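# Descriptive structure summary
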Amino acid sequence: RLLIVMCLLLLADIVASGIWLSLVSKTVHKQISQKKSDVAVVFFGDSGKGSALGDETMRRINHTVELYRDGLVANVICAGGARPKKNLYGAEYMKNALISLDVPANRLWSERVSNDSWSNWEAADKIIKSEGWNSVCLVSSDIHLYRLRQIASTNNPSLILSPYSYTTCKPKIRLTTLWGAIHHEWKASVANAVLPRPVYRRAINWLRG
């Protein structure tokens, strides 16, 4: 009986994940545009085993390169992944990866302070304002952009969202990875909604310091 209950719960979770993903994708894709942006902000996703950048981060980087080569973005800000206690700064690794993929260094910016979606955007927004850019494109997965658009649109309502494609992304994404990413977004959304901002920041700094 316990096994049956567990199977039913898993099935319900899979169905709920699929429905949520479909709704999120439709919402995000309404803000996709082929207009040229002054700058793209690409967000750190993960580290890899034995490497500074994991598969999720590389999917975002590779998509950013495509946008730059297609002439849809003129500049790129790399944001996130600051782990000062470990002397690791994901945004700088991302910048170096983009340079290795032939994006000119004088078109790239990075920061060394942010470690979650809120602080990612705050750090990127400072650069955007200091450079006087107006049109901004956010690069990530669609499920991450769904949350990011709510964070960033408060002071930049004309954002363009540019998710990578689950079918053509490089590296390829597994369904189990996507399922895990959906649950990560659920947990992050609940934490943001329930915890006061100072408490949330202290928790993130403790976990990712």
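Computed from a predicted structure; not experimentally measured. (Residues numbered from 1 in each chain as written. Predicted model: local features only at pLDDT ≥ 70, side-chain atom pairs only at ≥ 80, totals over all residues. Heavy atoms only, no water.)

Here we come to the sheet that holds strand S6 (residues 136-140). Sheet architecture is open: 5 strands sit in the order S5-S2-S1-S6-S7, paired in parallel fashion. Edge positions in the open sheet fall to strand S5 (108-110) and strand S7 (160-163), since each of these has one partner strand only. Looking at each pair of strands side by side, their axes are set apart by 25° on average, direction ignored. Here S6 pairs with S7 via 4 bridges, running parallel. Counted as the bridge partner of valine 139 is serine 162 from S7. Helix-sheet contacts for helix H2 (residues 55-69) involve strand S1 (37-43), strand S2 (73-79), S6 and S7, and the interaxial angle to S6 is about 145°. Sheet contacts for helix H5 (residues 142-152): S1, S6 and S7; angle to S6, the most-contacted strand, approximately 145°. (Pairing = 2+ DSSP bridges. Helix = DSSP H or I, 4+ residues; strand = E, 2+ residues; numbered from the N terminus. Axes fitted to C-alpha atoms, helices over the stretch in contact; angles between N-to-C directions. Contact = heavy atoms within 4.5 Å.)

A few words now on the packing of helix H1 (residues 2-29) against H5. Remark: H1 packs on H5, axes separated minimally by 9 Å, with the N-to-C direction vectors making an angle of 60°. In terms of orientation, H1 lies oblique with respect to H5. Crossing hand, H1 versus H5: left-handed. Seen from H1, the contacting residues are Trp20, Leu21, Val24, Ser25, Thr27, Val28 and His29; seen from H5, they are Asp142, Ile143, Leu145, Tyr146 and Arg149. Split into classes, the residues belonging to the contact of H1 with H5 amount to 7 nonpolar, 3 polar and 2 charged. (Parallel < 35°, antiparallel > 145°, perpendicular 65-115°, else oblique. Left-handed = near helix turned anticlockwise from the far one by under 90°. Nonpolar A, V, L, I, M, F, W, Y, C, P; charged D, E, K, R; others polar.)

Next up on the list: the packing of aromatic side chains. Counted under the stated rule, the structure contains 4 aromatic pairs. Judged by centre distance (6.2 Å) and plane angle (80°), the rings of tryptophan 20 and tyrosine 146 are edge-to-face. Remark: tyrosine 146 occurs in helix H5 and tryptophan 20 occurs in helix H1; sequence separation between them is 126 residues. For tyrosine 146, a relative accessible area of 24% gives the class partly exposed. Directly above the aromatic system of tyrosine 89 lies the positively charged group of arginine 112, at a separation of 3.8 Å from the ring centroid. (Phe/Tyr/Trp six-rings, centres within 6.5 Å; stacked < 30°, edge-to-face > 60°. Buried < 20%, exposed > 50% of the residue type's maximum accessible area, 1.4 Å probe, protein only. Lys NZ or Arg CZ within 6 Å of the ring centre and 35° of its normal.)

Once that is clear, we can look at the side chain of aspartate 116. Looking at where aspartate 116 falls in the secondary structure, it is placed in the loop between S5 and helix H4 (117-131). On the basis of relative accessibility, which here comes to 2%, the residue aspartate 116 falls in the buried class. At 2.5 Å, the side chain of aspartate 116 and the side chain of serine 119 are in polar contact. A polar contact is formed between the side chain of aspartate 116 and the side chain of arginine 201, at a distance of 2.7 Å. (Polar contact = N/O pair within 3.5 Å; in protein donor to acceptor, adjacent residues only side chain to side chain.)

Packed helices, taken two at a time, are described by the angle their axes make and the gap between the axes. Two numbers describe how H1 lies on helix H6 (residues 175-194): the axes approach to 11 Å, and their chain directions differ by 75°. By the criterion of interaxial angle, the relationship of H1 to H6 is roughly perpendicular. Along the contact surface, H1 presents Asp13, Ile14, Ala16, Ser17, Trp20 and Leu21, while H6 presents Leu178, Trp179, Ile182, His183, Glu185 and Trp186.

Where empty space is left can be seen by rolling a probe of water-molecule size over the atoms. In this model, the largest pocket occupies a volume close to 750 Å³. Considering the residues around the largest pocket, the lining is formed by 34 residues, among which Gly45, Arg60, His184, Glu185 and Arg208 are closest to the centre. Counting only elements with at least two residues in the lining of the largest pocket, the list comes to H2, H4, H5, H6 and helix H7 (197-208). Per element, the largest residue contribution to the lining of the largest pocket is 8 residues, and it comes from H6. Volume-wise, the second largest pocket comes out at about 210 Å³. Contributing to the lining of the second largest pocket are 13 residues, with Asn62, His63, Glu66, Thr168 and Lys170 lying nearest its centre. In terms of residues, the lining of the second largest pocket owes the most to one element, H2, which gives 6 residues. Among the residues making up the lining of the second largest pocket, the classes are represented as 5 nonpolar, 4 polar and 4 charged. (1 Å grid on protein atoms, 1.4 Å probe; cavity = no way out; pocket = protein on both sides within 12 Å on 5 of 7 lines; lining within 4 Å. Points joined across faces, edges and corners; volume = space filled by probe spheres on them.)

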